[in-house]
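# Coordinates in review
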Amino acid sequence: MPEPSAPPVPPTPPVPLGALLARDDLGLRQIAGPAAPGTAIHWAHTSEMADPYPYLLGGELLLTAGVHVPDDAEPGAYFDGYVSRIVAAGGAALGFGLAPVHDRVPRALVAACDTYALPLLEVPPQTTFSGVARAVWQLMARARLAELRRVTEAQQSLAAAAARPDPVPAVLRRLARWVGGLATLYGPDGRPLASAGRLPEPGPGHPDPPRTPAPDGPRTAPGSGRTPPTAATSATARTPAGTPRTPAGPEALPSPDRGAVRALGELVRVVGGGGGGSSPGPASATDTVKGVHLAAYALGAGRGFVLGVAGPRRAPGDHTIASVAAVLLSLLTGEHLSGTGAARSAALVRLLLGSSPEDVAPLLGGGRRLVVHAVPAGDTPAPDAVAASALGAALGSALVDVRDGVVRVLVPADREPAVQVGWICGVSAPADPPAWTAADAQAARALARARATRTALVRHGERPALADLVPAADARAHAQALLAPIAATPALTETLRTWLSLHGSWDRTAVALSVHRNTVRQRVTRCAALLAADLDDPDVRMELWFALREG
């Protein structure tokens, strides 16, 4: 069975060895091995096995009282083999407990830990191994809480940046501050389009042989001093029009080290699908060059844009923060795919200058469209621009508007909207540009019905009916004449239409119109009086429904 490419670790930040040594209540003392307070401890494990290798996953502080040491063993040879197996298994440090077996740490064990560069801690008699393990988990819990707070603050900061007039540069600036390094948006051709921050100074003593990164797992190249890139599932990006371009190449970015910039460019090529293969690139990739940590994230669902990040360290939460920025940039850049952002701008200008909807429709792709009205389900707050854009992306359209707490989306007719988790939707019948206004009204009525019936999605019905047997002009004339007594009061007309669509239910009509049920009763009674009609008569209801549909 092949060994895993990386040791599994708990979903919590590791504990620096120095934090354990600083705990006065433990009284731990390092007596051998390198002075590396930043050594990462992923957990504490107690074992008295002579060969602990099969039972270690890597990253442990191994605790032992020396029970396993044979009385007749040659100390030098025994501890040399013992420590070498711990190091081979990926153990982070060794803690040796004084009493009840040994009153001092064996000198041969100290020498072996120095030889194999394994930190050795002396655990005093009053400190129990379970106390050490508890301290590790307490420090992990604190680190995890700090990480969650940092990620939450970063999410809020990045979301606020995305709402600025210059959202793409603003998001990059905020991200660069959070990672303490460089954040760059690359285009489909691999050229940097916008950048913020500076590449951190490379650490000393990190050789940088040239190589091409490949998303083949976290292995360390022998003698390279850095970790090859790792990759996740496939996803790529889209092209924002009008984004200010910067010159291509490593010299385009503020960089004290061209090698790190070139390595980041290689990651961008891997993630962006530019490696020469036919398969899509991975969703993300990471690398480390001369102590500078690099990462690249594909944006959106198509080939194109990539977010590149470089920082002086890989702090807990950095990947999550960068992923949030990648999602926001995907939403901000996705609308510009194939120049559609410029086309929508031209359509808006033409409408403002007096063109009709049917004249500007070709700029939006032309053809028949569906209108979708949506509101958040339950007690979710009113939708903002980011939530509306996310809904539009899920429905397959960037034509999104938020008005009075309702998101309106213009969707191509060949994309049948599905139920959207967390949303209540009303969908119109397919309509050509001249009928988009009527389709908007259909979607509004469908949404009102969905809210009243507590249904996730309601579609406006489109099927042949008896009303289709009457010429359209005659139907409109009859409807206008029949509804004339209430036509001047839109509240009466809309209440009657909703009440009839909900089969005369007072409560559901009140919910759909957001009014009190007594208000519904008063309005319907008023309609009956003005129309001089018996609304309990099904024939009257049918005729009025026909008129309301055509009027």
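The structure presented is a predicted model; accordingly, all values stated were derived computationally and were not measured.

## Concerning the overall build of the protein chain
Across its full length, the protein chain holds 16 helices and 17 strands. A total of 551 residues make up the protein chain; the buried ones form 43% of that total. Restricting to contacts in the protein chain with at least 6 residues of sequence separation, those with at least 24 account for 66%. If you sum the accessible surface of the protein chain, you get close to 27200 Å²; carbon and sulfur atoms cover 56% of it.

## Here's the deal with the pairing of strand 6 (residues 93–97)
Burial analysis of strand 6 places five of its five residues in the buried class, which makes it a mostly covered element. Burial along strand 6 is two-sided: the face carrying Ala93, Gly95 and Gly97 and the face carrying Leu94 and Phe96 are both buried. Two elements, strand 5 (residues 60–64) and strand 6, share four bridges in a ladder whose sense is parallel. When the bridges of strand 6 are listed, Leu62 appears paired with Leu94. A crossover links strand 5 with its parallel partner strand 6, the connecting element being helix 2 (residues 75–88), and its sense is right-handed.

## Points about the packing of aromatic side chains
Evaluated as defined, the whole model comprises three aromatic pairs. With centroids separated by 6.3 Å and ring planes inclined at 5 degrees, the aromatic side chains of Tyr78 and Tyr82 adopt a geometry described as stacked. Here the residue Tyr78 and the residue Tyr82 both occupy positions in helix 2, the gap between them amounting to four residues, near one helical turn. For Tyr78, a relative accessible area of 17% translates into the label buried. Of the residues examined, Tyr82 reaches a relative accessible area of 3% and is grouped as buried. Taken together, the ring pairs connect Tyr78, Phe79 and Tyr82 into an aromatic cluster. Positioned over the ring face of Tyr53 is Arg85, at 4.2 Å from the centre of the ring.

## Concerning the pattern of salt bridges
This model, assessed by the stated rule, comprises 11 salt bridges. The shortest N-O distance in the salt bridge between Asp318 and Arg150 comes to 2.7 Å. Within this pair, whereas Asp318 is found in helix 7 (residues 318–334), its partner Arg150 is found in helix 4 (residues 129–162), the two being separated by 168 residues in sequence. A single burial state applies to Asp318 and to Arg150, both of which are buried. Asp507 is the partner of Arg517 in a salt bridge, and the nearest nitrogen-oxygen pair spans 2.6 Å. Here Arg517 is found in helix 15 (residues 517–531), whereas its partner Asp507 is found in helix 14 (residues 506–513), with 10 residues between them in sequence. Residue classification places Arg517 among the partly exposed residues on the basis of a relative accessible area of 31%. For Asp507, a relative accessible area of 45% gives the class partly exposed. Connected through shared salt-bridge partners, Asp401, Arg408 and Asp440 make up one network.

## Description of the confidence of the model for the protein chain
Overall, the predicted model of the protein chain reaches an average pLDDT of 80, with 80% of residues at or above 70. Element-level mean pLDDT values for the protein chain span from 69 in helix 8 (residues 340–352) up to 97 in strand 6. With pLDDT under 50 throughout, residues 1–7 is counted as low confidence; its partners more than four residues away or in other chains account for five contacts. Segment residues 204–256 is flagged for pLDDT under 50; beyond a separation of four residues in sequence, or across chains, it makes 149 contacts in the model.

## Re the packing of helix 13 (residues 490–501) against helix 16 (residues 538–550)
In a pair of packed helices, the angle between the axes and the distance between the axes together describe the arrangement. In the contact formed by helix 13 and helix 16, the axes pass within 10 Å of each other and the chain directions differ by 125 degrees. One element, helix 13, and the other, helix 16, form an angle in the oblique class. The two elements helix 13 and helix 16 meet at a crossing, and its hand is left-handed. Of helix 16, the residues touching helix 13 (which contributes Thr493, Leu496, Arg497, Trp499, Leu500 and Ser501) are Arg541, Leu544, Trp545 and Leu548.

## Observations concerning helix 13
With 12 residues, helix 13 extends 16 Å from end C-alpha to end C-alpha; this agrees with the ideal 16 Å at 1.5 Å per step. Burial analysis of helix 13 places nine of its 12 residues in the buried class, which makes it a mostly covered element. Among the residues making up helix 13, those that are buried are Leu492, Thr493, Thr495, Leu496, Arg497, Thr498, Trp499, Leu500 and Ser501. Check the buried side of helix 13 and you find it contacts helix 11 (436–453), helix 12 (472–487), helix 14, helix 15 and helix 16. Taken from the residues just after helix 13, His503 is the one with a positive phi, measuring 60 degrees.

## Quick word on a nonpolar patch on the surface
On the surface, Leu348, Val349, Leu352 and Leu353 cluster together into a nonpolar patch covering about 450 Å² of accessible area. By secondary structure assignment, the location of Leu353 is in the loop between helix 8 and helix 9 (357–360). By relative accessible area, which is 73% here, Leu353 ends up exposed.

## A short note on the sheet that holds strand 16 (residues 423–427)
The sheet built from five strands is open, its strands ordered 14-15-13-16-17 with mixed pairing. Because the sheet does not close on itself, it has two edges, and the strands there are strand 14 (400–403) and strand 17 (457–459). Across the sheet, the mean angle separating the axes of adjacent strands is 20 degrees when strand polarity is ignored. Pairing geometry for strand 16 and strand 17, over three bridges, is parallel. Looking at strand 17, one finds that Cys425 is bridged to Leu457. Here helix 11 sits on the sheet in contact with strand 13 (369–376), strand 15 (406–412), strand 16 and strand 17, set at roughly 35 degrees to strand 13.

## Focus on the sheet that holds strand 4 (residues 43–46)
Paired through backbone hydrogen bonds, the strands of a sheet run either parallel or antiparallel to each other. Strand order in the open sheet made by the five strands is 2-7-6-5-4, with mixed pairing throughout. Of all strands in the sheet, those with a lone pairing partner are strand 2 (29–32) and strand 4, marking the two edges. Each adjacent strand pair in this sheet contributes to an overall mean axis angle of 30 degrees, direction not counted. Running at roughly 80 degrees to strand 2, helix 3 (residues 107–115) makes contact with strand 2, strand 6 and strand 7 (120–123) of the sheet. Packed on one face of the sheet, helix 4 meets strand 4, strand 5, strand 6 and strand 7 and runs near 165 degrees to strand 4.

What counts, and at which threshold
Residues numbered from 1 in each chain as written. Predicted model: local features only at pLDDT ≥ 70, side-chain atom pairs only at ≥ 80, totals over all residues. Heavy atoms only, no water. Helix = DSSP H or I, 4+ residues; strand = E, 2+ residues; numbered from the N terminus. Buried < 20%, exposed > 50% of the residue type's maximum accessible area, 1.4 Å probe, protein only. Contact = heavy atoms within 4.5 Å. Areas by Shrake-Rupley, 256 points an atom, 1.4 Å probe, with all protein chains shown as cover. Pairing = 2+ DSSP bridges. Right-handed = clockwise from strand over helix to strand, strands pointing away. Phe/Tyr/Trp six-rings, centres within 6.5 Å; stacked < 30°, edge-to-face > 60°. Lys NZ or Arg CZ within 6 Å of the ring centre and 35° of its normal. Salt bridge = Lys/Arg side-chain N within 4 Å of Asp/Glu carboxyl O. pLDDT = per-residue confidence, 0-100. Axes fitted to C-alpha atoms, helices over the stretch in contact; angles between N-to-C directions. Parallel < 35°, antiparallel > 145°, perpendicular 65-115°, else oblique. Left-handed = near helix turned anticlockwise from the far one by under 90°. Expected span 1.5 Å × (residues − 1). Patch = residues over 30% accessible without salt bridge, like charges linked within 9 Å, V, L, I, M, F, W, Y side chains within 5 Å.

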